[in-house]
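# Secondary and tertiary structure notes
Chain residues, written in single-letter form:
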Amino acid sequence: MAVNLATKYSSQIAEVFTAGSFVKGKTSTSFDLTGVKTLKVYTPVTVQEVDYTREGLSRYGTVTEMQDIVQELKMTQDKAFTLTIDKGNYLDQNMSKKAADMLRLQINEQSTPAADKYALRRFAMMAGVINTVDEAPTKDTIVEQIATGAQTLDDNLVPESDRYIYVTSEVYKMIRLSPEFTGLEGLGVKAIGKGVAGEISGLNIVRVPKSYMPEGCYFIIAHKNSVLMPYKISDAKVHNDPVGVSGALIEGRHYYDAFVLGAKSTGVYALVLETNKLAAPTISLSGLSVTATKPTGADEVRYTVDGTDPRYSDSAKVYASAVTVTAGTVFRAVAFAENKFTSNVAEKSC
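Helix and strand content of the chain: five helices and 21 strands. For the chain, the proportion of contacts with a sequence separation of at least 24, taken over those separated by at least 6, is 74%. Carbon and sulfur atoms provide 49% of the accessible area of the chain, an area that totals close to 18400 Å².

Here it is in C-alpha cells:
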C-alpha cells in the first residue's frame, strides 16, 4: 500500500520549505507554474512620449502596435530521493507519520539548501547588472559598494520597496564594523523573515551561509518582482512493506528553478571579482556578414538579431558561424560559461 504524501501533507511541506529557505518568499509570486515545466512570460513594451502636434491627422504621434518582450522559463532541476524506515525501528501504525517527518527533514537538510544555492547562483549569473572589483571588499569599502548597487536600482527606476541584499556572515560583519555603522544602534534588530538581519541603503539584509553564495560573488541585490523561484513537490509517497523491505520505503521527486525576469532585470545587481567575469564577445562586420568571437573561458555565445537581450530573449540562438543579416539589424551577443559570471552584452548596428 502506498500513501501519497504530496496530497496528504502538501500544505505542511510548503510551509516547511518556505520557513527554511533564505530565498523563498522574497521572489515574485505573479506566475503560477503548477502543472507545467515551461512558461512563456510576455511583458508589454511601452513607447517613448512625443510632442503633441496641434495640426494634422497624427497629432499624438505615429501609431505603434504594442510589442512584448518574450522570455521562456523552463524548469530544469528535476531531483529525486529515496529512504527506508525499517519496521524493527518503528511501530507499524506509526509508519506513515514517521515517513512524513522524514520527508520534512529531507526538505530542510537537502532540498531547501540545494534550491537556495542554485537560486542565488542563477540570480548572480543572470543579473541585469554585474559590477566588478579587483579585490574583495573590506570594512572600509563595503558600505560604499552597496550604496552604488542601491543607486543603480534607483537610476533604473526600480521600486524602493521589496529590495533584498544577500550577503554572507563575513560581509555582514564588514558592514557592522564599517566606519559608517560603528557605534550605531539598530542594524540587526529588524527581523522580518528568514535570515533578514537589518537594513542598509533601503535594502533588507539577508544573511546567508558562505557556501550558499557563488564563488567570487560578494553580494546580490534583487528586487522581489525581478526574480522568480518556482518550486514544486511533484511526487512524494511511502510504500508500506514493498518487496525487499520490512517497513516503509519513502520516494520523492521534485523540480524547481530560478529565473531573472528579462523585462525587470535591472532590479538585480551583483558585485563580483573581475577575474571571475567573462569578457564580452567581439563582434566584427564584413558587409552584411556578422562574426562573433568567443572570449577566453566562455562555453558559448548567444545572440539575437531583433534587438532583444540575448541573456533572456526567447529568440536567442547559440552562435556557431558567421550570420548573414539585413541592413539596419542590431546584432547583440553575450558570453556564457558554467563557472564564470555572464559577460556584458555586446552589440553592433549593421
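Another aspect to go through is the sheet that holds strand S8 (residues 203-208). If you walk across this open sheet you meet the six strands as S5-S14-S9-S6-S8-S7, and the pairing is mixed. Where the open sheet ends on each side, the last strands, each with one partner, are strand S5 (129-133) and strand S7 (196-200). Strand-to-strand twist across the sheet, computed as the mean angle between neighbouring axes with direction ignored, equals 25 degrees. Here three bridges tie S7 to S8, and the two strands are oriented antiparallel to one another. If you follow Val-196 over to S8, its bridge partner there is Val-206. Each of S5, strand S6 (163-168), S7, S8, strand S9 (217-223) and strand S14 (268-273) touches helix H4 (residues 142-155); the most contacted strand, S9, lies at about 30 degrees to it. Of the strands in this sheet, S6, S7, S8 and S9 are in contact with helix H5 (residues 169-177), which crosses S6 at around 105 degrees.

When the pLDDT values of the chain are averaged, the result is 85; 85% of them are 70 or greater. Under a pLDDT of 50 for its full length, residues 184-192 has, in the predicted model, 20 contacts with residues more than four places off or in other chains.

Another aspect to go through is the packing of aromatic side chains. In this structure the tally under the stated criterion is six aromatic pairs. Residues Tyr-303 and Tyr-319 carry aromatic rings whose centres are separated by 6.2 Å and whose planes lie at 80 degrees to one another, so their mutual orientation is edge-to-face. With Tyr-303 in strand S17 (residues 300-304) and Tyr-319 in the loop between strand S18 (317-318) and strand S19 (323-324), this pair connects stretches of sequence that are 16 residues apart. Look at Tyr-303 and you get buried, because its relative accessible area is 11%. In this structure an aromatic cluster arises from ring pairing among Tyr-303, Tyr-319 and Phe-331. Above the face of the Tyr-172 ring, Arg-207 is positioned so that its terminal group lies 4.7 Å from the ring centre.

The strand order across the open sheet built from four strands is S18-S17-S20-S21, with neighbouring strands paired in antiparallel fashion. Here the strands that pair on one side only, and so sit at the sheet edges, are S18 and strand S21 (346-349). In terms of strand pairing, strand S20 (residues 330-336) meets S21 through four bridges, oriented antiparallel. Residue Phe-331 lies in a different strand from S21, and its bridge partner there is Lys-348.

An α-helix turns once per 3.6 residues; consequently, residues spaced three or four apart project the same way. Taking 1.5 Å of rise per residue, the 14 residues of H4 would be expected to cover 20 Å, and the 20 Å separating its terminal C-alpha atoms lies within 8% of that figure. Residues of H4 that are buried include every one of Ile-142, Val-143, Gln-145, Ile-146, Gly-149, Ala-150, Thr-152 and Leu-153, and no others. Remark: Leu-157 follows H4 within two positions and exhibits a positive phi of approximately 60 degrees.

Our next topic: the pairing of S17. One ladder, built from five bridges, connects S17 with S20; its direction is antiparallel. Its bridge partner being in S20, Glu-300 is matched across the sheet by Phe-336. Two strands pair when backbone bridges link them, and S17 and S18 are joined in this way by two bridges, in the antiparallel orientation. If you follow Tyr-303 over to S18, its bridge partner there is Lys-317.

Here the focus is the pattern of salt bridges. Scanning the entire structure with this criterion turns up seven salt bridges. Measuring nitrogen to oxygen at the nearest pair gives 3.7 Å for the salt bridge that ties Asp-140 to Lys-139. Salt-bridge contacts for Arg-302 lead to Glu-300; the nearest nitrogen and oxygen are separated by 2.6 Å. Residue class for Arg-302 comes out partly exposed when judged on its relative accessible area of 28%. Relative accessible area serves as the criterion here: at 23%, Glu-300 is assigned to the partly exposed category.

Moving on, we get to unusual backbone geometry. The backbone of Asp-162 shows a phi angle near 60 degrees, a positive value even though the residue is not glycine. Looking at where Asp-162 falls in the secondary structure, it is placed in the loop between H4 and S6. You can call Asp-162 partly exposed: its relative accessible area is 34%. You will see that Ser-201, though not glycine, has its phi angle at about 50 degrees, which is positive. With respect to the helices, strands and loops of the structure, Ser-201 is situated in the loop between S7 and S8. Judged by its relative accessible area of 38%, Ser-201 falls in the partly exposed class.

Another aspect to go through is the nonpolar core. Of all hydrophobic cores here, the largest spans 35 residues; its most connected members are Leu-120, Phe-123, Tyr-166, Val-208, Cys-217 and Ile-220. Of all the secondary structure elements, the ones that give two or more residues to this core are helix H3 (95-125), S6, S8, S9, S14 and S20. Broken down by element, this core gets its largest block of residues, seven residues, from H3. If we ignore the near neighbours within four places in the chain, the residues touching Leu-120 are Val-23, Tyr-166, Val-208, Tyr-212, Pro-214 and Ile-220. Of all hydrophobic cores here, the second largest spans 23 residues; its members include Ala-150, Val-167, Leu-203 and Tyr-269.

Procedures and definitions
Residues numbered from 1 in each chain as written. Predicted model: local features only at pLDDT ≥ 70, side-chain atom pairs only at ≥ 80, totals over all residues. Heavy atoms only, no water. Helix = DSSP H or I, 4+ residues; strand = E, 2+ residues; numbered from the N terminus. Contact = heavy atoms within 4.5 Å. Areas by Shrake-Rupley, 256 points an atom, 1.4 Å probe, with all protein chains shown as cover. Pairing = 2+ DSSP bridges. Axes fitted to C-alpha atoms, helices over the stretch in contact; angles between N-to-C directions. pLDDT = per-residue confidence, 0-100. Phe/Tyr/Trp six-rings, centres within 6.5 Å; stacked < 30°, edge-to-face > 60°. Buried < 20%, exposed > 50% of the residue type's maximum accessible area, 1.4 Å probe, protein only. Lys NZ or Arg CZ within 6 Å of the ring centre and 35° of its normal. Expected span 1.5 Å × (residues − 1). Salt bridge = Lys/Arg side-chain N within 4 Å of Asp/Glu carboxyl O. Core = buried A, V, L, I, M, F, W, Y, C linked by side-chain atoms within 4.5 Å.

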